[in-house]
Amino acid sequence: MKDFYHHLYQKQLEVQDMPSNRRIAEWATHVLHLLFPERNSKSFQSVEEIKLAFEQAEVELFELLLKTKACSHCDNRKVAEVFFMELPQIYARMLTDAQAIMDGDPAARSIREVIRTYPGFTAICMYRIAHQLWILGVPLIPRILTEHAHSKTGIDIHPGARIGEYLYIDHGTGLVIGETCIIGNHVKLYQGVTLGALSVTKSMVDTQRHPIIEDYVIIYAGATILGGETVVGHHSIIGGNVWLTNSVEAYTTVYHLPNSKFIDSKPLV
């Protein structure tokens, strides 16, 4: 038992200076609040104040990168600088996602409502931040961010997935998007959709394991699409509860035939 306790103590020494997952998530949430005042109770009195807030967020990212110790050879200062240089483009993509939800959901009354309340929008935004860090070669932190969003929204998007503009997620609970998934523009995804991999070995880590979803595809609730060789052609519709492991051509509709039985019941007296 003494060796066991000593082992745990050594591990504690190794991680005691690392920021918690919560602290990392708070940084990303703060960035979202800066981008979307609709989500933030704090107001700024000048453009200079906003500029200063973003500069402070950049310094904080640099410090987080240093303290996580996940990448000893990374130029953490350069990573933080490039991330914030790319932030206007990331923000522009987030706005397309908000517009896609606004245009696609009859229940959405305004862009402000989408930004403040829709879990799908929150999950997409956190993914887009995490994905940029993933592109820059940052380990650990991107997964922490998307798993934070997963815990808050029930939507599981791997930061390595490549997702185009105007992604529409309706409800979204139980949605899974795998690491090597490629999603085009103007795609609609509903709750319970899985874009996953077939059973593969660890040696296939660097291969295309998840499906490719082309532009203007709609995938309804509960559909499962698996495999790196599976391509869903543009403007296709995948119905609810479909299990798909083969490619489909553009403009294809795939649907599941339920075997349902209806039994007349007598009204309660």
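A quick note: this is a predicted structure, and the numbers were derived from the prediction, not measured. (Residues numbered from 1 in each chain as written. Predicted model: local features only at pLDDT ≥ 70, side-chain atom pairs only at ≥ 80, totals over all residues. Heavy atoms only, no water.)

> Would you explain the overall build of the protein in this entry?
When its secondary structure is counted, the protein shows seven helices and 14 strands. Projected onto its principal axes, the C-alpha positions of the protein cover 65 × 60 × 50 Å. In the protein, the share of contacts with a sequence separation of at least 24, taken over all contacts with a separation of at least 6, comes to 46%. Roughly 15,400 Å² of accessible area belongs to the protein as shown, and the carbon and sulfur atoms make up 54% of that amount. Here the protein carries 24 positive and 29 negative side-chain charges, and the mean point of each set is 6 Å from the other. (Helix = DSSP H or I, 4+ residues; strand = E, 2+ residues; numbered from the N terminus. Contact = heavy atoms within 4.5 Å. Areas by Shrake-Rupley, 256 points an atom, 1.4 Å probe, with all protein chains shown as cover. Lys, Arg positive; Asp, Glu negative; His and termini not counted. Charge placed at Lys NZ, Arg CZ, Asp CG, Glu CD.)

> Would you explain the side chain of Asp 105 in this entry?
Within the secondary structure, Asp 105 sits in the loop between α4 (76–104) and α5 (111–117). Buried charge without a partner: Asp 105 forms no salt bridge, and the closest opposite charge is Arg 109, 7.7 Å away. Among the polar contacts made by the side chain of Asp 105, one reaches the main-chain amide nitrogen of Ala 107 at a distance of 3.0 Å. Side-chain polar atoms of Asp 105 contact the side chain of Tyr 118, separated by 2.9 Å. Those residues in contact with Asp 105, other than ones at most four positions away along the chain, are Tyr 118, Tyr 168 and Asp 170. (Buried < 20%, exposed > 50% of the residue type's maximum accessible area, 1.4 Å probe, protein only. Salt bridge = Lys/Arg side-chain N within 4 Å of Asp/Glu carboxyl O. Polar contact = N/O pair within 3.5 Å; in protein donor to acceptor, adjacent residues only side chain to side chain.)

> Which parts of the structure should I look at to understand the side chain of Thr 153?
Relative to the assigned elements, Thr 153 resides in helix α7 (residues 141–153). Of note is the side chain of Thr 153, whose polar atom sits 2.7 Å from the backbone oxygen of Ala 149. In terms of polar contacts, Thr 153 uses its side chain to reach the backbone amide nitrogen of Ile 155, at 3.1 Å. Excluding residues within four positions of it along the chain, Thr 153 makes contact with Pro 119, Thr 122, Ala 123 and Thr 173.

> Where do I start with the pattern of salt bridges in this structure?
Pairs can form between side chains of opposite charge once their charged atoms are near each other. Here the structure, examined in full by the defined rule, presents seven salt bridges. When the shortest N-O distance is used, the salt bridge between Glu 55 and Lys 51 registers 2.5 Å. Of this pair, Glu 55 and Lys 51 both sit in helix α3 (residues 47–68), four residues apart, which is roughly one turn of the helix. Given the relative accessible area of 36%, Glu 55 is considered partly exposed. Looking at Lys 51, the relative accessible area reads 43%, which means it is partly exposed. Arg 209 is the salt-bridge partner of Glu 179, the closest N and O atoms lying 2.7 Å from each other. Residue Glu 179 is found in the loop between β4 (176–177) and β5 (182–183), and its partner Arg 209 is found in the loop between β7 (194–196) and β8 (212–213); the two are separated by 30 residues along the sequence.

> What am I meant to see in the sheet that holds β5 here?
Pairing between the strands of a sheet comes from backbone hydrogen bonds, and it takes one of two forms, parallel or antiparallel. With respect to topology, four strands assemble into an open sheet ordered β2-β5-β8-β11, the strand pairing being parallel. Looking at strand neighbours, the two that pair on one side only are β2 (162–163) and β11 (231–232), the edges of this open sheet. Inspection of the sheet shows β8 paired to β11 by two bridges, in the parallel sense. Directly across from Ile 213, in β11, lies its bridge partner Val 232. (Pairing = 2+ DSSP bridges.)

> Explanation requested: the packing of helix α2 (residues 21–35) against α3 in the structure shown.
When two helices pack together, you describe them by how their axes are tilted relative to each other and by the distance separating the axes. Interhelical geometry of α2 versus α3 gives an angle of 160° and a closest axis separation of 11 Å. In terms of orientation, α2 lies roughly antiparallel with respect to α3. Taken as a pair, α2 and α3 cross one another with a handedness that is left-handed. In this structure, α2 uses Arg 23, Ile 24, Trp 27, His 30, Val 31, Leu 34 and Leu 35 to contact α3, whose residues at the interface are Ala 53, Phe 54, Ala 57, Glu 60, Leu 61, Leu 64 and Thr 68. (Axes fitted to C-alpha atoms, helices over the stretch in contact; angles between N-to-C directions. Parallel < 35°, antiparallel > 145°, perpendicular 65-115°, else oblique. Left-handed = near helix turned anticlockwise from the far one by under 90°.)

> Looking at this structure, I do not really get the nonpolar core. What am I missing?
In summary, soluble globular proteins display a tendency toward joint burial of nonpolar side chains. Residues Trp 27, Phe 83, Phe 84, Phe 121 and Leu 145 are the most contacted members of the largest nonpolar core, which totals 43 residues. Top element by residues in this core is α4. It accounts for 10 residues. Dropping the residues within four chain positions of it, Phe 121 is found in contact with Phe 36, Arg 39, Met 94, Asp 97, Ala 98, Ile 101, Val 114 and Ile 115. Core analysis: the second largest hydrophobic core is formed by 28 residues, Ile 219, Val 242, Val 248 and Val 254 among them. (Core = buried A, V, L, I, M, F, W, Y, C linked by side-chain atoms within 4.5 Å.)

> How should unusual backbone geometry be read in this particular structure?
Most peptide bonds adopt trans geometry, and most residues besides glycine take a negative phi value. Positive phi, close to 70°, is recorded for Leu 140, a residue that is not glycine. Positive phi is not limited to glycine here, since His 171 has a value of about 60°. Relative to the helices and strands, His 171 resides in the loop between β3 (168–170) and β4. The exposure class assigned to His 171 is exposed, which follows from its relative accessible area of 52%.

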